[in-house]
Amino acid sequence: MLRLPPTRWTRPPSLDAAVAALGEPGARALAGGTDLVVALKNRTGRPQCLVSLADACPAGIDTGGGGWAIGAATTLWDLERWTAPPSVAAIPEAARSVAAPPIRSRATVGGNLCLDTRCVFYNQSAFWRSGRPPCRKAGGEVCHAVPGGDRCHAVFSADLPPALAAVGARVRVAGPDGERRKDVADLYTGQGLAPLALAAAEVVLSADVPALSGRSGSAFEKIRARRGLDFAAASAAVWVEAGDDGACRSARVVLGAVDSGPVRVARAEEALQGSLLEPEALETAADAARRAARPVKNADFTPAYRRKVVGVAVKRAASRAWQRAVGAREASS
Ligand SMILES: Cc1cc2nc3c(=O)[nH]c(=O)nc-3n(C[C@H](O)[C@H](O)[C@H](O)COP(=O)(O)OP(=O)(O)OC[C@H]3O[C@@H](n4cnc5c(N)ncnc54)[C@H](O)[C@@H]3O)c2cc1C
Ligand code: SF4
């Protein structure tokens, strides 16, 4: 049995107090704890103090501003029950695909957006890892996945970020210098070692989803070994909008779990735009996704398999998103 190391814990009563507490050396934000507590047990994270965000971040979906502001403390269990319109249906779909119901009942939107990158050589117990020299992510100077490589290639496997990026969401972030907003895509550095573009003591408050065209649809597709639990071998989120002529007017395609951050694929989007998402267009988009993916040997599946199935994920997500867009267009005319 893996035991938690002794760690201080505090639950600040407000956002300001949480930001101040996170400014202390060695402090780390704690939301649902479904990933961070595992990291503590594996000794891959050794914060001196855990700062609970339970009273700092909003929970629930606020419809006040025209779109939807999804509070960082919203559980994935609640998010998957959201009866979202076709344009943003990818969001509850992605929430539903995370882990299993007991985990989703604690796991939060903020924790999913800020999930650390993963690697089969890193997400192991300290005993398992002790058989090799520490890798870059563990503070060493080697990479076991890409020997001789000059960076960490740990994989960004969170499911919500590709879906939120595909629908054009922004995140609201609070820190010592106040609040700011940035595109979901800009929350990520693409680096395995430090995947988040967040300054010290910054907290994600919400994911703000814009009101989208009533002729659009989105979908999230995840390929994994066991539907009920596993992280993705590869995933894809697609948003498409139908134009007046019935063809696809605009598209966004974002991949997950095939690099150290979500990957937007402009060539896949170009393949869908102007098409009726017929098999040739879908195959061209899938091919662009396979080329954009950069899997290495650090997950349960081979890079070749992950590259292959990311194309499958794009085709499935794009087809489902298109059905939703066309259905929404017909319903509104
Ligand atoms: C068996 C198992 C299977 C899993 N499968 C999946 C899966 O398929 N897909 C998937 O995406 N995830 C999976 N997870 C990981 C995890 O459960 C989810 O990503 C979850 O959403 C994390 O949220 P949390 O609230 O528990 O985050 P925590 O574990 O509390 O925190 C995660 C990270 O986010 C930071 N953080 C949390 N909230 C904020 C905030 N508001 N602002 C800034 N930083 C913050 C924390 O400091 C920490 O670094 C799995 C976990 C387990 C144990
Ligand atoms: S990709 Fe390399 S450096 Fe990064 S966690 Fe894996 S083994 Fe370590």
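In this report, we go over the structure that sits alongside the text. (Residues numbered from 1 in each chain as written. Chains lettered and ligands numbered in written order. Predicted model: local features only at pLDDT ≥ 70, side-chain atom pairs only at ≥ 80, totals over all residues. Heavy atoms only, no water.)

1. Comments concerning helix 1 (residues 15-22)
- Buried within helix 1 are the following residues: Leu15, Ala18, Val19 and Leu22. Around the axis of helix 1, the buried residues are gathered within 100° of arc, so they sit on the same side.
- The inward-facing, buried residues of helix 1 contact strand 2 (27-30), strand 3 (49-52), strand 6 (170-175) and strand 8 (203-209).
- Where helix 1 begins, the side chain of Ser14 points an oxygen toward the backbone nitrogen of Ala17, at a separation of 3.2 Å. (Buried < 20%, exposed > 50% of the residue type's maximum accessible area, 1.4 Å probe, protein only. Helix = DSSP H or I, 4+ residues; strand = E, 2+ residues; numbered from the N terminus. Arc of directions from axis to C-beta. Contact = heavy atoms within 4.5 Å. Polar contact = N/O pair within 3.5 Å; in protein donor to acceptor, adjacent residues only side chain to side chain.)

2. Focus: the packing of aromatic side chains
- A complete count under the given rule lists 3 aromatic pairs for this structure.
- Measuring from centroid to centroid gives 5.6 Å for Trp68 and Trp82, while their planes differ by 65°, and the two rings are edge-to-face. Of this pair, Trp68 sits in strand 5 (residues 68-71) while Trp82 sits in the loop between helix 3 (76-79) and helix 4 (90-96), and the two are 14 residues apart along the sequence.
- The class of Trp68 is buried, set by a relative accessible area of 15%.
- Between Phe156 and Tyr188 the ring centres are 4.7 Å apart and the planes differ by 50°, which places this aromatic pair in the tilted class. Here Tyr188 lies in the loop between strand 7 (178-183) and strand 8 and Phe156 lies in the loop between helix 7 (126-129) and helix 8 (160-166), a separation of 32 residues in the sequence. An identical accessibility class is assigned to Phe156 and Tyr188; each is buried.
- In this structure, Arg81 packs its charged tip against the face of Trp77, placed 3.7 Å from the ring centre.
- The ring of Tyr122 is capped by Lys137, whose NZ or CZ atom sits 5.5 Å from the centre of that ring. (Phe/Tyr/Trp six-rings, centres within 6.5 Å; stacked < 30°, edge-to-face > 60°. Lys NZ or Arg CZ within 6 Å of the ring centre and 35° of its normal.)

3. Observations regarding the state of the cysteines
- If you walk through the whole model with that rule in mind, you get 0 disulfides.
- Unpaired in this structure, Cys57 has its nearest cysteine sulfur neighbour in Cys114, at a distance of 9.0 Å.
- Taking relative accessible area as the criterion, Cys57 reaches 10% and is therefore assigned buried. (Disulfide = S-S within 2.5 Å.)

4. Section: the site of ligand 1
- The environment of ligand 1 is formed by 33 residues, the closest being Ala29, Gly33, Thr34, Thr108 and Lys222.
- Residue Arg28 places a side-chain N or O atom 2.9 Å away from an oxygen atom belonging to ligand 1.
- Gly33 is positioned such that a nitrogen or oxygen atom in its backbone is 2.7 Å from an oxygen atom of ligand 1.
- About the coverage of ligand 1: the protein hides 91% of its 980 Å² of free accessible area.
- Listed by contribution, the elements that provide at least two residues to the shell around ligand 1 are strand 2, helix 6 (109-113) and strand 8.
- Counting only domains with at least three residues in the shell around ligand 1, you end up with domain 1 (1-54) and domain 2 (216-332). (Near = heavy atom within 4 Å. Areas by Shrake-Rupley, 256 points an atom, 1.4 Å probe, with all protein chains shown as cover. Domains from an automatic or database assignment.)

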